Each structure stands twice: as structure tokens, then as C-alpha cells.
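Spelled out from the first residue to the last, the chains are:
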Amino acid sequence: MNQFDDIAGDLRDIKDKLSKITSVIKDNTKEIKFQTQVRFEITKETGKLQKTYENLGKKVYDLLKEDRLEDCDLSEYTRQIDISIARIESLKTKLEGQSNYDGFDDVQRDIESEGEKIIYVDEEDLKK
């Protein structure tokens, strides 16, 4: 019976470690999704900022060509540029504030401290 108890204990340990790994994978997946969404927003806002710069440049060119630059109010362009820059900086700060925790290191350390070896579990084995 002692061997069966040892096997049962080993299986419980494997189950616990697999649960930890699953939890870490879920957390990392959520973090990657969040980072991807924020990076997409940064890219989108950067494109919007670039378009505003282009529109401002075209407007200034047209006004200079017609010698009417002094008569024009370009404050709306500068307001849009300031808003876009602030939004991009805010998104970058949000992205930098995201943790880069990798829980796999903790699981690996636990396994090594117990003197156990990592066991590869095939997907087919999990279906049984």
C-alpha cells in the first residue's frame, strides 16, 4: 500500500503544479491581450496624430501660398495634436505600468527545490 500512497501523493503534486501552471498561463494570456489592445490603441492614435499633422501642414502650405497665414486660426489643429499626444503618453504609461510577472519561474523553483523532474504530459494523455 505504501507504493500506492506514494504514487497518489505524486499525482496530487503533479495536479497542483499543473493547476499553478494553468493559472499562470491564464494570467499571462490576459496580460498579453491587454498589452495588445493598448498597443493597438497607441498605433491608432499615432495614425490619427500623423493625419492631423498632415492636415495642418497642408493648411499652412495653402495659406502661405495665398499669403493669408496671419488671418487664419490654427488653434484647432494644435488642440487636436495636444490631445493625441496626451492620449498616446497616457496609453504608454498604462502599458509600462502593466506587470511582467512570469509565474513559471516560481513553479520551476518549486520543482527544483523538491528534487523532482519535470514530466511532459501529452495532450492525448490528458484526454484519458
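Keep in mind the model is a prediction, meaning the values are calculated, not measured. (Residues numbered from 1 in each chain as written. Predicted model: local features only at pLDDT ≥ 70, side-chain atom pairs only at ≥ 80, totals over all residues. Heavy atoms only, no water.)

Undergrad: Teacher, can you tell me more about unusual backbone geometry here?
TA: Phi is mostly negative for residues that are not glycine, and the peptide bonds are mostly trans. Even without being glycine, aspartate 67 reaches a positive phi, approximately 60°. Take aspartate 67: it is sitting in the loop between α1 (2-65) and α2 (75-96). (Helix = DSSP H or I, 4+ residues; strand = E, 2+ residues; numbered from the N terminus.)

Undergrad: Any chance you could explain the confidence of the model for the protein here in plain terms?
TA: Predicted coordinates in regions of low pLDDT should not be interpreted in detail. With 76% of its residues at a pLDDT of at least 70, the protein reaches an overall mean of 81. At the level of individual helices and strands, the protein shows its lowest average pLDDT in helix α3 (residues 104-113), which scores 51, and its highest in α2, which scores 93. (pLDDT = per-residue confidence, 0-100.)

Undergrad: Looking at this model, I keep getting lost on the pattern of salt bridges. Mind explaining?
TA: Two side chains with opposite charge may pair up if their charged atoms get near one another. Throughout the structure, instances matching the rule amount to 6 salt bridges. A salt bridge links glutamate 41 to lysine 44; the shortest N-O distance between them is 3.6 Å. A residue pair is termed a helical-turn pair when its members lie 3 or 4 positions apart in one helix, as glutamate 41 and lysine 44 do in helix α1 at 3 residues. Given the relative accessible area of 48%, lysine 44 is considered partly exposed. We note a salt bridge from arginine 68 to glutamate 66, for which the minimum N-O separation is 2.9 Å. It is possible to trace a salt-bridge network through shared partners that takes in Glu41, Lys44, Glu45 and Arg87. (Salt bridge = Lys/Arg side-chain N within 4 Å of Asp/Glu carboxyl O. Buried < 20%, exposed > 50% of the residue type's maximum accessible area, 1.4 Å probe, protein only.)

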